[in-house]
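Per-entry structural report
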Amino acid sequence: AEERIKIACEEYRPVAKRGSIIYFLIAELSPVNTMYNTSLAQFIGVFQQSMKEAEKAAIPAKRIANIVDDLTFRTFLYICRGYLELHKKIYALLLALKLQLQTETITQEHFNCLVKGGSALDINSVKKKPKEWIKDGDWLNIIQLSMSIPMFKELPDVIARNEGAWRQWYDQEAPEAVPVPDVDDRLDKMHKMLIVRSLRTDRTMVTADEYI
């Protein structure tokens with residue numbers, strides 16, 4: 001009986017993992033505004049509600065998936081009632097990133113490039129930018145991408161060879177809505193968001209909608 005209980009508990013570990021990711025994300029956002037403080041007791045209440053009300057299923061794997069989905073959405077609705085509109089989107093973006101980090105769909109390098117860009121680099125110690133229209137900070141973001149993400153290894157050279165097309169893309173009012181020169185056919189939502197974040201930081205959160 002003890003062995004059967006252990007096996008059953010292990011089956012439900014994905015529920016605990018999802019709950020852990022969500023709770024610690026909520027805790028990380030609490031310093032943004034004192035109104036965002038959520039106690040563990042409050043969260044456990046929502047967690048238990050999902051366990052009770054998630055759609056039933058005879059197959060444990062399906063039942064577990066239902067609980068995970070219900071918990072994720074129920075918590076989003078509960079938490080976002082008290083968030084400002086901008087912070088709702090930030091919460092959703094961070095949640096998407098953390099879930100993909102857990103499943104190893106993306107790596108920590110993806111996360112770091114999105115959050116920090118090339119802020120740790122020095123413009124005088126990297127390859128010279130090809131044209132003056134490229135801002136120093138944007139070029140450092142591109143260099144960091146090339147150093148961190150294998151598919152972007154040649155990106156600085158690609159931009160240098162075809163800077164006219166990249167300038168046209170850069171000058172678009174909504175660059176996220178048009179194909180990225182040279183590399184568009186290889187980009188998924190995450191990698192396109194990284195390109196936009198690197199060269200057109202002002203459009204990052206617009207692009208994040210597609211990723212989320």
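So, here's what we can say about the structure.

This paragraph deals with the overall build of the protein chain. For the protein chain, the helix and strand inventory stands at eleven helices and zero strands. In sequence order, the protein chain lays out its α and β elements as α-α-α-α-α-α-α-α-α-α-α. Its C-alpha radius of gyration of 21 Å places the protein chain more than 25% over the 17 Å reference for a compact globule of 212 residues. Its C-alpha atoms give the protein chain principal-axis dimensions of roughly 70 × 40 × 30 Å. In the protein chain, which comprises 212 residues, the proportion classed as buried is 42%. Across the protein chain, every contact between residues at least 6 apart in sequence was considered, and the portion connecting residues at least 24 apart equals 58%. A total accessible area of about 12,200 Å² is found for the protein chain, and carbon and sulfur atoms account for 55% of it. Side-chain charges in the protein chain split into 29 positive and 29 negative, and the spacing between the mean points of these groups amounts to 3 Å.

Here helix 2 (residues 13-29) is 17 residues long and its end C-alpha atoms lie 25 Å apart, about the 24 Å a rise of 1.5 Å per residue gives. Val15, Arg18, Gly19, Ile21, Ile22, Tyr23, Leu25, Ile26 and Leu29 are the residues of helix 2 that are buried.

Here the focus is unusual backbone geometry. Of note in this structure, Glu104 is not a glycine but carries a positive phi near 65°. Its place among the elements puts Glu104 in the loop between helix 5 (85-102) and helix 6 (108-116). The phi torsion at Asp182 lies on the positive side, around 70°, for a residue other than glycine. Relative to the elements of secondary structure, Asp182 occurs in the loop between helix 9 (163-170) and helix 10 (189-199).

Relative to the helices and strands, Ala58 resides in the loop between helix 3 (40-53) and helix 4 (60-80). Exposure remark for Ala58: the relative accessible area of 83% places this residue in the exposed category. Each C-alpha atom, one on Ala58 and one on Leu194, is 42 Å from the other, the two residues being 136 residues apart in sequence.

Summed over all chains, the structure comprises 14 salt bridges. Among the salt bridges present, the one from Glu10 reaches Arg13, with a minimum N-O distance of 2.6 Å. Here the residues in one salt-bridge network are Glu53, Asp70 and Arg74, joined through shared partners.

Okay, the packing of helix 10 against helix 11 (residues 204-211) next. Contact geometry for helix 10 and helix 11: axes closest at 9 Å, N-to-C directions at 180°. If you check the angle between helix 10 and helix 11, you find them roughly antiparallel. Seen from helix 10, the contacting residues are Lys189, Met190, Lys192, Met193, Val196 and Arg197; seen from helix 11, they are Thr204, Thr207, Ala208, Glu210 and Tyr211.

In this section: the packing of helix 5 against helix 6. The geometry of a pair of packed helices is captured by two quantities: the angle between their axes and the separation between those axes. With their axes 10 Å apart at the nearest point, helix 5 and helix 6 run at an angle of 160° to one another. Judged by the angle between their axes, helix 5 and helix 6 are roughly antiparallel. Only Gln108, Phe111 and Leu114 of helix 6 make contact with helix 5, whose side of the interface consists of Leu94, Leu97 and Leu101. Residues belonging to the contact of helix 5 with helix 6 are distributed by class as follows: five nonpolar, one polar and no charged.

Turning our attention to the packing of aromatic side chains. Inspection of every chain in the model, using the stated rule, returns eight aromatic pairs. Ring centres of Tyr23 and Phe43 lie 5.4 Å apart, and the angle between their planes is 50°; on these two criteria the pair is classed as tilted. Taken as a pair, Tyr23 in helix 2 and Phe43 in helix 3 lie far apart in primary sequence, 20 residues in all. Since its relative accessible area comes to 6%, Phe43 is described here as buried. For the pair Tyr36 and Tyr83, a centre-to-centre distance of 4.3 Å together with 40° between the ring planes defines the contact as tilted. Here the residue Tyr36 occupies a position in the loop between helix 2 and helix 3, and Tyr83 occupies one in the loop between helix 4 and helix 5, the gap between them amounting to 47 residues. Of the two residues examined, Tyr36 and Tyr83, each falls in the buried class.

Conventions used here
- Residues numbered from 1 in each chain as written.
- Predicted model: local features only at pLDDT ≥ 70, side-chain atom pairs only at ≥ 80, totals over all residues.
- Heavy atoms only, no water.
- Helix = DSSP H or I, 4+ residues; strand = E, 2+ residues; numbered from the N terminus.
- Rg over C-alpha atoms; globule rule 2.2 N^0.38 Å.
- Buried < 20%, exposed > 50% of the residue type's maximum accessible area, 1.4 Å probe, protein only.
- Contact = heavy atoms within 4.5 Å.
- Areas by Shrake-Rupley, 256 points an atom, 1.4 Å probe, with all protein chains shown as cover.
- Lys, Arg positive; Asp, Glu negative; His and termini not counted.
- Charge placed at Lys NZ, Arg CZ, Asp CG, Glu CD.
- Expected span 1.5 Å × (residues − 1).
- Salt bridge = Lys/Arg side-chain N within 4 Å of Asp/Glu carboxyl O.
- Axes fitted to C-alpha atoms, helices over the stretch in contact; angles between N-to-C directions.
- Parallel < 35°, antiparallel > 145°, perpendicular 65-115°, else oblique.
- Nonpolar A, V, L, I, M, F, W, Y, C, P; charged D, E, K, R; others polar.
- Phe/Tyr/Trp six-rings, centres within 6.5 Å; stacked < 30°, edge-to-face > 60°.

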